[in-house]
Amino acid sequence: MTSETSTEPQVLGLLERALSASCAASLRAAVKLGLADALGDTPATADDLAASVGAVPDALRRLLRSLTCYEVFAEDAEGRFGHTEVSRLLRTDAPDSLDQLVLWMTEPWTWELWGRLDESVRTGRDVFVDLHGREFFDHVHTAWPRSAEVFDRAMTQASKQSATAVAGVLPLDGARTVADIGGGQGFLLASLLEHHSDVRGILFDRPDVIAGADARLRAGGALAERVRLLSGDCREEVPADVDAYVFKNILGMNDEDALVVLGNVMKTARPGARVIIVENLVDDGPGQKFSTAMDLRMLLTVGGRKHTRQGLVGLVEQAGLVVRDVRPVNSYQHMIEAVTPA
């Protein structure tokens, strides 16, 4: 066996990785074209699908062939394409659809950021402000309103995806009031209230987010009488008179801001209040590939991070909280349960 032959798998594997952006672009194209919706339960040819989505058959066949390499769609012996468990997640009518999350993770402005990752690694800072002159979320909501809409829909999908799993394991025994800090439209809070009929809730987020809260939480909704909708910025304050504070995927901001947020809990919360933190960890569990990629994306956009287990626990303890437990929620999220000192 020659050295050239012996290294061939590694060469091919490296080049495939170098071209992996094509996978992200192909997923985005599939969503933009509406391929998953156009393909029903019966396999179809590329020609039939092209007529449905308004594409050139040969080009669409090439896109589909690429996606099948990642188990997004499958091709049979007759050259017809059918759904897989992965491609069904791109259907807009799927209860666990991820189409908007795919769009958010592949928005056109992301490509330039990834190309400057070396700069962020050298400096330890985001490159977004240098590129656009404003902080990430300020710029997205001001200059890219359509992208901001995608973000809101993506966060809704992310919340729906994990709300039931988190609510099923989040400890609220003995608590009378739970506050979901930065809780978005309130899917997790709604799930918690449905799991715990004797608990009241507070949804705390930006005014524009609160305005679009889940219908169950708004006036006339099934849970409205047990909920307060409060607008604010957790970097400035958090609600008082709360037994349990929940932070789900909020502390990925830079560590300085995260400490400010946790410090606000320390200043406001009563002694012995619970602080439940749900995050992706970069060094634990089968979700590591996803978490490490999100970690780098957060570095590029906001100078933030996804933490290691030790790093996140250390941050919580640095704020003055007492960590009681760390355990997995599912394959890609972990929960830290802490309390304010008695």
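Scroll up to find the structure.
Given the structure is predicted, the values throughout are model-derived calculations rather than measurements.

Within the chain, the secondary structure is distributed over 17 helices and nine strands. Radius of gyration (C-alpha) of the chain: 22 Å, near the 20 Å computed for a compact globule of 342 residues. Its C-alpha atoms put the chain at 65 × 50 × 40 Å along the principal axes. Of all 342 residues assigned to the chain, the portion counted as buried reaches 45%. Sequence separation of 24 or more characterises 65% of the internal contacts of the chain that already satisfy a separation of 6 or more. Summing over all exposed atoms, the chain offers an accessible surface of approximately 17,200 Å²; the carbon and sulfur share of this is 52%. Taken together, the 35 basic and 49 acidic charged side chains of the chain have centroids lying 3 Å from each other.

Moving on, we get to the sheet that holds strand β6 (residues 244-248). Taken in spatial order, the seven strands of this open sheet run β5-β4-β3-β6-β7-β9-β8, and their pairing is mixed. Every interior strand has two partners, whereas the edge strands, β5 (227-231) and β8 (322-328), have only one. Put simply, the sheet's adjacent strands are angled 20° from each other on average, direction ignored. Relative to strand β7 (residues 274-279), β6 runs parallel, the two sharing five bridges. Within β7, the position partnered with Ala244 by the bridge is Arg274. The sheet contacts of helix α12 (residues 145-169) involve β6, β7, β8 and β9 (334-339), and relative to β6 the element is tilted by about 140°. Lying over the sheet, helix α17 (residues 309-318) contacts β7, β8 and β9, oriented at roughly 155° with respect to β8.

It is the contact of helix α5 (residues 46-53) with helix α6 (residues 57-68), at a shortest axis distance of 9 Å, that shows an interaxial angle of 110°. Classified by the interaxial angle, the pair formed by α5 and α6 is roughly perpendicular. Taking contact as the criterion, the partners of Ala46, Asp47, Leu49, Ala50 and Val53 in α5 are, on α6, Pro57, Leu60, Arg61 and Leu64. When the residues that make up the contact of α5 with α6 are grouped by side-chain class, the tally is seven nonpolar, no polar and two charged.

With 34 residues, the main nonpolar core has Leu35, Leu60, Leu64, Phe73, Leu90 and Trp104 as its most contacted residues. Contributions of two or more residues to this core are made by α3 (21-33), α4 (35-38), α5, α6, α7 (99-105), α8 (109-114), α11 (136-143) and α12. Residues in contact with Leu60, not counting those within four places in the same chain, are Leu33, Leu35, Ala46, Leu49, Ala50, Val53 and Ala55. Formed by 29 residues, the second largest nonpolar core is a distinct cluster that contains Met253, Val261, Val313 and Leu315.

Pairing between side chains becomes possible if they bear opposite charge and their charged atoms approach one another. Per the counting criterion, the structure on display carries 21 salt bridges. The salt bridge involving Arg216 is made with Asp214; its shortest N-O contact spans 2.8 Å. Accessibility expressed as a relative area gives 24% for Arg216, which makes it partly exposed. With relative accessibility at 11%, the residue Asp214 sits in the buried group. Here Glu337 and Arg327 are joined by a salt bridge, their closest N and O atoms 3.8 Å apart. One end of the pair, Glu337, is in strand β9; the other, Arg327, is in strand β8, with ten residues separating them in the sequence.

So, on to the packing of aromatic side chains. Each aromatic ring pair is characterised by the separation of its centres together with the angle its planes make. Tallied over the full model, the rule gives eleven aromatic pairs. Aromatic side chains Trp109 and Trp144 sit 5.6 Å apart centroid to centroid with 10° between the ring planes, which places their arrangement in the stacked category. With Trp109 in helix α8 and Trp144 in the loop between α11 and α12, this pair connects stretches of sequence that are 35 residues apart. Take Trp109: its relative accessible area is 10%, and that puts it in the buried class. Grouped by ring-pair contacts, the aromatic residues Trp104, Trp109, Phe128, Phe136, Phe137, Trp144 and Phe151 constitute a single cluster.

Another point: the packing of α3 against α6. Put simply, α3 and α6 touch, their axes get as near as 10 Å, and they point 125° apart. Classified by the angle their axes make, α3 and α6 are oblique. Handedness of the crossing formed by α3 with α6: left-handed. Residues Ser26, Leu27, Ala29, Ala30 and Leu33 of α3 pack against Leu60, Leu63, Ser66 and Leu67 of α6. Counted by class, the contact of α3 with α6 contains seven nonpolar, two polar and no charged residues.

Moving on, we come to a nonpolar patch on the surface. Among the surface-exposed residues, Trp111, Trp114 and Leu296 lie close enough to one another that they form a single nonpolar patch of about 260 Å² accessible area. The residue Leu296 is located in helix α16 (residues 288-302) in this model. Classification of Leu296 by relative accessible area gives partly exposed; the value is 31%.

What counts as what
Residues numbered from 1 in each chain as written. Predicted model: local features only at pLDDT ≥ 70, side-chain atom pairs only at ≥ 80, totals over all residues. Heavy atoms only, no water. Helix = DSSP H or I, 4+ residues; strand = E, 2+ residues; numbered from the N terminus. Rg over C-alpha atoms; globule rule 2.2 N^0.38 Å. Buried < 20%, exposed > 50% of the residue type's maximum accessible area, 1.4 Å probe, protein only. Contact = heavy atoms within 4.5 Å. Areas by Shrake-Rupley, 256 points an atom, 1.4 Å probe, with all protein chains shown as cover. Lys, Arg positive; Asp, Glu negative; His and termini not counted. Charge placed at Lys NZ, Arg CZ, Asp CG, Glu CD. Pairing = 2+ DSSP bridges. Axes fitted to C-alpha atoms, helices over the stretch in contact; angles between N-to-C directions. Parallel < 35°, antiparallel > 145°, perpendicular 65-115°, else oblique. Nonpolar A, V, L, I, M, F, W, Y, C, P; charged D, E, K, R; others polar. Core = buried A, V, L, I, M, F, W, Y, C linked by side-chain atoms within 4.5 Å. Salt bridge = Lys/Arg side-chain N within 4 Å of Asp/Glu carboxyl O. Phe/Tyr/Trp six-rings, centres within 6.5 Å; stacked < 30°, edge-to-face > 60°. Left-handed = near helix turned anticlockwise from the far one by under 90°. Patch = residues over 30% accessible without salt bridge, like charges linked within 9 Å, V, L, I, M, F, W, Y side chains within 5 Å.

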